[in-house]
Amino acid sequence: MKKIKVLVTDDSIFMRKLISDLLKDHPDIEVIATARNGAEAIEKVKALSPDVVTLDVEMPVMDGLEALKRIMARSPVPVIMLSSTTSTGSLNTILAIENGAVDFVAKPSGAISLDIFKVKEELIEKILLAASSNFHSLLGRNTQQKNIPLNGTLYSTMDLVAEKTKWNRSVICIGTSTGGPRALQTLLTSLPNKLKTPVFIVQHMPRQFTKSLAERLNSLCSFPVTEAVHGERVINGAAYIAPGGYHMEVEEKRGELYISLNEDIPVKGHRPAVDNLFASLSRLKKTRKIAVVLTGMGADGAIGIKKLKESGHTVAIAESEQTSIVYGMPNAAVQTGLVDHIENLEDIAVVIQQYTL
């Protein structure tokens with residue numbers, strides 16, 4: 001089997017050595033070179049044609065974000081960002097994914113992480129995933145669709161009237177992982193300016209990063225996007241992102257919806273878990289649920305889809321293999337046999353709007 005050729009980029013000679021040593025232990029990975037900064041990484045990508053590049057976010061001469069933009073413009077290759085959990089580091093990581101990075105790994109202890117071994121398995125897993133991902137679906141895609149107009153509806157007027165007698169409200173719930181921030185940007189910026197339903201989002205990501213993701217999406221969307229807070233009342237026309245490290249559930253009290261966060265055990269390694277969010281929404285009465293599973297590794301969301309469907313009044317949508325960076329979570333949802341629509345990413349907003357009229 002051909003080994004995955006990796007270029008490791010970090011301004012610290014110590015970190016370059018540590019990261020390289022971690023990767024060299026894996027039989028399917030070969031570290032072909034290292035680079036001291038973004039400018040050097042650009043030249044080595046062009047000269048050596050690696051299969052995957054790791055880029056530190058914060059570096060002198062040229063930082064990882066600028067290097068990523070130039071690599072994507074000149075010699076596109078799957079990139080994994082290594083980031084500190086500072087506010088600046090996490091925001092730049094979100095911007096990096098927006099600009100084409102496949103995924104990121106958070107350094108455990110800042111720029112110089114002597115304990116980088118703690119994320120060894122995660123780093124290796126994401127490099128292997130990046131090498132086999134549908135990376136080229138990222139290239140040339142406009143992430144901001146901005147309010148795609150509707151071309152008819154899925155139902156006749158009579159059908160819609162009949163359906164509305166069965167439910168008092170509708171909610172949109174979205175689950176995603178690898179490739180999610182970019183997919184969320186495309187989807188959310190395509191929804192109407194005056195959204196009439198709340199949107200609940202689970203993105204597999206550490207806490208500081210979910211906060212930066214919410215802030216970034218809020219700056220791009222025509223409706224508010226926030227990191228969810230325990231106990232807050234849900235408002236129509238707002239989007240709520242589950243904080244990293246907390247499961248997010250939705251509860252109904254006296255006819256109003258409220259956010260509930262908890263630190264129960266991770267589900268299949270995830271907290272927040274899509275399954276938990278979907279399961280909580282399945283308990284809501286007289287509520288139409290529009291469940292969307294976007295790009296991501298694993299099967300989170302599939303069990304939740306089953307529970308939503310059992311509760312009734314649920315439309316399930318999965319992102320297509322053609323546009324998914326990783327067709328794991330959407331495929332697991334499809335395999336349940338309960339998905340109503342398999343759609344390319346840029347078409348999902350249109351389908352959602354047809355069900356929320």
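This next bit is on the overall build of the protein chain. When its secondary structure is counted, the protein chain shows 12 helices and 14 strands. Here the C-alpha radius of gyration of the protein chain, 21 Å, is about what a compact globule of 357 residues would show, namely 21 Å. With the C-alpha coordinates aligned to their principal axes, the bounding extent of the protein chain is approximately 65 × 40 × 40 Å. Across the 357 residues in the protein chain, those meeting the buried criterion constitute 58%. Looking at the protein chain, you have 40 positive and 39 negative side-chain charges, and the mean spots of the two groups are 4 Å apart.

Among the five residues that make up strand S4 (residues 79–83), five are buried, leaving the element largely enclosed by the rest of the structure. The alternating pattern of S4 places Val79, Met81 and Ser83 and Ile80 and Leu82 on opposite faces, both of which are buried. Examined bridge by bridge, strand S3 (residues 52–56) and S4 share four bridges and lie parallel to one another. Note that in S4 the partner of Asp56 across the bridge is Leu82. The β-α-β motif built from S3, the intervening helix H3 (residues 64–74) and the parallel element S4 has right-handed crossover chirality. Of the strand pairs in this sheet, S4 and strand S5 (residues 103–106) are connected by four bridges, and their pairing is parallel. If you follow Leu82 over to S5, its bridge partner there is Val105. Traced from S4 through helix H4 (residues 87–98) to S5, the parallel crossover comes out right-handed.

In this structure, Leu23, Leu55, Ile127, Ile174, Leu188, Leu294 and Ile352 are the most contacted members of the largest nonpolar core, which totals 81 residues. No other element matches the six residues that helix H12 (residues 345–355) contributes to this core. Setting aside residues no more than four positions away along its own chain, Ile127 makes contact with Ile4, Val6, Leu23, Ile29, Val52, Thr54 and Ile80. One finds Val202, Leu257, Phe278 and Leu281 within the second-largest nonpolar core, a separate group that totals 28 residues.

Throughout the structure, instances matching the rule amount to zero disulfides. The thiol of Cys173 is not disulfide-bonded; the next cysteine sulfur, from Cys221, is found 17 Å away.

Counted by the stated rule, this structure contains 17 salt bridges. In this structure, Glu98 engages Arg216 in a salt bridge whose closest nitrogen and oxygen atoms are separated by 2.6 Å. Of the two residues, Glu98 sits in helix H4 while Arg216 sits in helix H8 (residues 207–220), which places them 118 residues apart along the sequence. For Glu98, a relative accessible area of 14% puts it in the buried group. With a shortest N-O distance of 3.6 Å, Arg233 and Glu256 are connected by a salt bridge. Highlighted residues: Arg233 in the loop between strand S8 (225–227) and strand S9 (239–241) and Glu256 in strand S11 (residues 256–262), separated in sequence by 23 residues. With relative accessibility at 33%, the residue Glu256 sits in the partly exposed group.

Moving on: helix H7 (residues 180–188). Three- or four-residue spacings in an α-helix give side chains the same orientation, since the helix completes a turn every 3.6 residues. Among the nine residues in H7, nine count as buried, and that is most of the element. Those residues of H7 that sit buried are Gly180, Pro181, Arg182, Ala183, Leu184, Gln185, Thr186, Leu187 and Leu188. Check the buried side of H7 and you find it contacts H4, strand S6 (169–176), strand S7 (199–203), H8, strand S12 (287–293) and H12.

Turning our eyes to something else, we now look at the sheet that holds S4. Ordered in space as S2-S1-S3-S4-S5, the five strands form an open sheet in which the pairing is parallel. Lying at the two open borders of the sheet, with one neighbouring strand each, are strand S2 (29–35) and S5. Strand-to-strand, the axes of this sheet are offset by a mean angle of 25°, without reference to chain direction. Taken strand by strand, helix H2 (residues 38–48) contacts strand S1 (4–9), S2 and S3, and its axis lies near 135° from that of S2.

Definitions and limits used
- Residues numbered from 1 in each chain as written.
- Predicted model: local features only at pLDDT ≥ 70, side-chain atom pairs only at ≥ 80, totals over all residues.
- Heavy atoms only, no water.
- Helix = DSSP H or I, 4+ residues; strand = E, 2+ residues; numbered from the N terminus.
- Rg over C-alpha atoms; globule rule 2.2 N^0.38 Å.
- Buried < 20%, exposed > 50% of the residue type's maximum accessible area, 1.4 Å probe, protein only.
- Lys, Arg positive; Asp, Glu negative; His and termini not counted.
- Charge placed at Lys NZ, Arg CZ, Asp CG, Glu CD.
- Pairing = 2+ DSSP bridges.
- Right-handed = clockwise from strand over helix to strand, strands pointing away.
- Core = buried A, V, L, I, M, F, W, Y, C linked by side-chain atoms within 4.5 Å.
- Contact = heavy atoms within 4.5 Å.
- Disulfide = S-S within 2.5 Å.
- Salt bridge = Lys/Arg side-chain N within 4 Å of Asp/Glu carboxyl O.
- Axes fitted to C-alpha atoms, helices over the stretch in contact; angles between N-to-C directions.

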